[in-house]
Amino acid sequence: MKRLFCLLILSCLLFLLAVPIAAQENNRDLVIFTIDRVSLNQIQAAETPNLDLLMEEGALGLMNTRTAGGLTSPNAYLTIGAGQRAVAGGAGNYSFNIDLDWQGRSVKELYRAKTANQPEEAEVVNIRLAELIQQNQRSDYQAQPGFLGDQLQEADKKIAVIGNSDYLDKSTEYNLGREAALLGMDSQGKIALGDIGQQTVLNTDQYPFIFLTDHSYLLSKFKEYRSQAELIIVESGDTARADTLYGSYSPEEFNSFKLQSLERVDNLLGKLLAELDLEQERIMVLTPTPAAEARREGQNLVPVILAGSEIESGLLTTSTIRRTGLISNLDITPVILDLLGLSQQSVQDSIHISSSASPLVELQDLEEQIKKTFSWRPILIKSFILSQIVVLILAVLLVIFKPQSLLFLFNFVEHLLLILLIIPFFFLFSSFFLGINLYLAIAVFLVLSLIIAYLLKRLEFDNLDPLLITASLISCLLIIDLWTGARLIRSSVLGYSPIIGARFYGLGNEFMGMLIGAVLIGSTGLIDRFPALQKYSKYILGSSFFLVAFTIGHPRLGANFGGLITSVLAFVFTYLLIIDYSFNLKSVIKALVIISLGIVGVILADLLLPTTETTHIGQTVLLMKNEGFKEVFNILSRKLSMNLKLLRWTIWTQVVVAFIVILAFLFKYPLGIVKNLIQDYPYLCYGFSGVIWGSVVAMLVNDSGIVATATLLLFPVLSFVYLVMQRIDLAN
């Protein structure tokens, strides 16, 4: 226990080896120019000299667009303005100029009646603010509409919003497109300066959506607000209107409309750039929502451009993403505040620009790699899981019937089990195969896995050898990758997708579970394979477990707090079994107290890191400090909701059920096999006990607990079945 306590203290000290990075503060006026519902490919296909200039001279990035609801423009704009995933629904578009009427009633009176707020000192208001607030209070993320506006208001800085994306649909019904107001309004639904009314558009018969943005009028309003507002948001409008035509016209006609709208928007951008001095000011070109065509294919990353004073050419990233060329829509508000020389208590993420010889080319390559990995992921994972279930069923049938005329099938199934243990290697290196066809890649994976499995069987001197080699190799590769930047993990089909946006750095739950399971089997099995190591087992296993838990939990490495808890509890339980620890009530409480102190130490160490480098657990503690313990219940509720949803819908549930069923079966039948394995491999059985305990913990403490449990059981269960099959094969 003293050694364990010392290891925990050492871990906490090592967590403190973070070097603070000071954020630069500045204070320049900023223009946000929104080009909604376009893709990087569409921009490249159109004649857009002004966008091309900004992309050449400024910094580029791809932005994740996840919201608290569907991927709609109101949800996306409100998410950016709130700095938290938000939902707007239909209420998001009900923003109007204060001096106009809506459906025969004064907007000023409607606003006062529906919100109980006074509309003084506002030129634009949202009359359905109460609905926005209520929707987000019911949401898992508890976003605060108007956060950005409040921050600027407190700093005595003004926001102006100009333009809209109103359009007429095929039935000539008028549709409001007032999402830009959600980006700039305050918590009372007010914007000090702005014009988002019908005067900002022109009627036309050239396009099916009837309206076009009036460049002359927008430009005049822009000039008017230049001296009054520190932040001006310009809604270009036309690309969003054109995107509403998707599916209503032939692909050729739609593409023509879309490219024309992009070129027209670029022309407006050029006129604004002529008014700006980018030596003193900055401009951000923002696409809050993906194009309909891209959204249909699940490609939800959108381009962002930042240019102007002190902005160098390169690729954008933030400390919340930690991947060059990628940012999140949650980063936009902190970046705006940083660019305007402001700070906030809850989030202080600053923008980072990585130099690049060809930023646009590199960004296009990154987007293509992410898209392809995203499209490969469901096919490869479903095939892998179904293969596990089929092989396990085949193994059970052979164990039950033991057909004397088909004894060769035992050897065949043993090879299949080894192939399933080898396949994760190729998943880890999947980014190297993206240049070929998916099904050709699958064929390559299978052929190479078969060759490796055959060699492992031919060269084995002990039944444990193939299992120890595969478990040790995947463990070492994952740890080395995490210590060298996680380049393999983040681009793997078993990694985390920037399109989904659940995680952007560190160790995801898929590989986290696999790492813990492989380490428990590989390290304990090693002691059984080489009995001479038993007298050093405490040191070998203790140091191995410490290294892996440290790697999983460190904010600059795995940064997976749920994985840290899972690994610590699984490893400590296994270690205590090995040292023959007495599990009475007093000793269990003592062990839990030490473990709890170690975990608290990790949390404190995380909080002592620079704010821009704190992980999810550090940010959670800061939220608790600012918002109270209600945040704990919100987070627990969100985790529970996610796990219940995954239990019902994910295919990982099926493989966990298969694992449980086959374990229950093999522990009962055939008689004596499990007892012999326990006698022959006592340390391996300790590791397997740790796996069972760890799988329960993984289910309880992770957002996608069922996924972590499935991958944690992968190596142990397949290894156990392999050993059982070998025993029966030898007996036959």
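Definitions and limits used
- Residues numbered from 1 in each chain as written.
- Predicted model: local features only at pLDDT ≥ 70, side-chain atom pairs only at ≥ 80, totals over all residues.
- Heavy atoms only, no water.
- Phe/Tyr/Trp six-rings, centres within 6.5 Å; stacked < 30°, edge-to-face > 60°.
- Buried < 20%, exposed > 50% of the residue type's maximum accessible area, 1.4 Å probe, protein only.
- Helix = DSSP H or I, 4+ residues; strand = E, 2+ residues; numbered from the N terminus.
- Salt bridge = Lys/Arg side-chain N within 4 Å of Asp/Glu carboxyl O.
- Pairing = 2+ DSSP bridges.
- Contact = heavy atoms within 4.5 Å.
- Axes fitted to C-alpha atoms, helices over the stretch in contact; angles between N-to-C directions.
- Core = buried A, V, L, I, M, F, W, Y, C linked by side-chain atoms within 4.5 Å.
- Parallel < 35°, antiparallel > 145°, perpendicular 65-115°, else oblique.
- Left-handed = near helix turned anticlockwise from the far one by under 90°.
- Nonpolar A, V, L, I, M, F, W, Y, C, P; charged D, E, K, R; others polar.

### A closer look at the packing of aromatic side chains
In this structure the tally under the stated criterion is 18 aromatic pairs. A ring pair is formed by Tyr246 and Phe254, whose centres lie 5.3 Å apart and whose planes are at 70°; its orientation type is edge-to-face. On the basis of relative accessibility, which here comes to 29%, the residue Tyr246 falls in the partly exposed class. With a centroid separation of 6.2 Å and 25° between ring planes, the pair formed by Trp483 and Phe550 is classed as stacked. In this pair, Trp483 sits in helix H17 (residues 465-483) while Phe550 sits in helix H20 (residues 537-553), placing the two residues 67 residues apart along the sequence. Taken together, the ring pairs in this structure connect Phe384, Phe426, Phe427, Phe433 and Phe445 into an aromatic cluster.

### Quick look at the pattern of salt bridges
For the coordinates displayed, the defined rule picks out 16 salt bridges. We note a salt bridge from Lys223 to Glu275, for which the minimum N-O separation is 3.8 Å. Remark: Glu275 occurs in helix H11 (residues 251-275) and Lys223 occurs in helix H9 (residues 215-225); sequence separation between them is 52 residues. By relative accessible area, Glu275 is classed as partly exposed at 29%. In this structure, the salt-bridge partner of Asp238 is Arg241, at a minimum N-O distance of 2.7 Å. Of the two residues, Asp238 and Arg241 are both situated in helix H10 (residues 238-243); the distance of 3 residues between them amounts to about one turn of the helix. Comparing Asp238 with Arg241 shows no difference in burial state: the two are buried.

### Digging into the sheet that holds strand S6 (residues 124-126)
Here 3 strands make up an open sheet; going across it, the order is S3-S6-S10 and the pairing antiparallel. Looking at strand neighbours, the two that pair on one side only are strand S3 (95-97) and strand S10 (190-191), the edges of this open sheet. Of the strand pairs in this sheet, S3 and S6 are connected by 3 bridges, and their pairing is antiparallel. When the bridges of S6 are listed, Ser95 appears paired with Asn126. Strand contacts of helix H5 (residues 107-115): S3, S6 and S10, with the helix running at about 40° to S6, the strand carrying the most contacts.

### Some thoughts on the nonpolar core
Core analysis: the biggest nonpolar cluster contains 113 residues, and Ile489, Val721 and Met725 have the highest contact counts within it. Setting aside residues no more than four positions away along its own chain, Ile489 makes contact with Leu428, Leu478, Asp481, Leu482, Gly495, Tyr496, Gly506, Leu507 and Phe511.

### A closer look at unusual backbone geometry
A positive phi is found at Gln103, a non-glycine position, where the angle reads about 55°. Mapped onto the elements, Gln103 comes out in the loop between strand S4 (101-102) and strand S5 (105-106). One non-glycine residue, Ala486, adopts positive backbone phi at about 55°. Relative to the assigned elements, Ala486 resides in the loop between H17 and helix H18 (487-490). Look at Ala486 and you get buried, because its relative accessible area is 6%.

### Observations concerning the packing of H17 against H20
In the contact formed by H17 and H20, the axes pass within 10 Å of each other and the chain directions differ by 45°. Relative to H20, H17 is oriented oblique. Once H17 is placed against H20, the crossing between them reads as left-handed. Side by side, H17 and H20 meet where Ile479, Leu482 and Trp483 of the first sit next to Leu547, Val548, Phe550 and Thr551 of the second. Each residue belonging to the contact of H17 with H20 can be placed in one class, and the counts come to 6 nonpolar, 1 polar and no charged.

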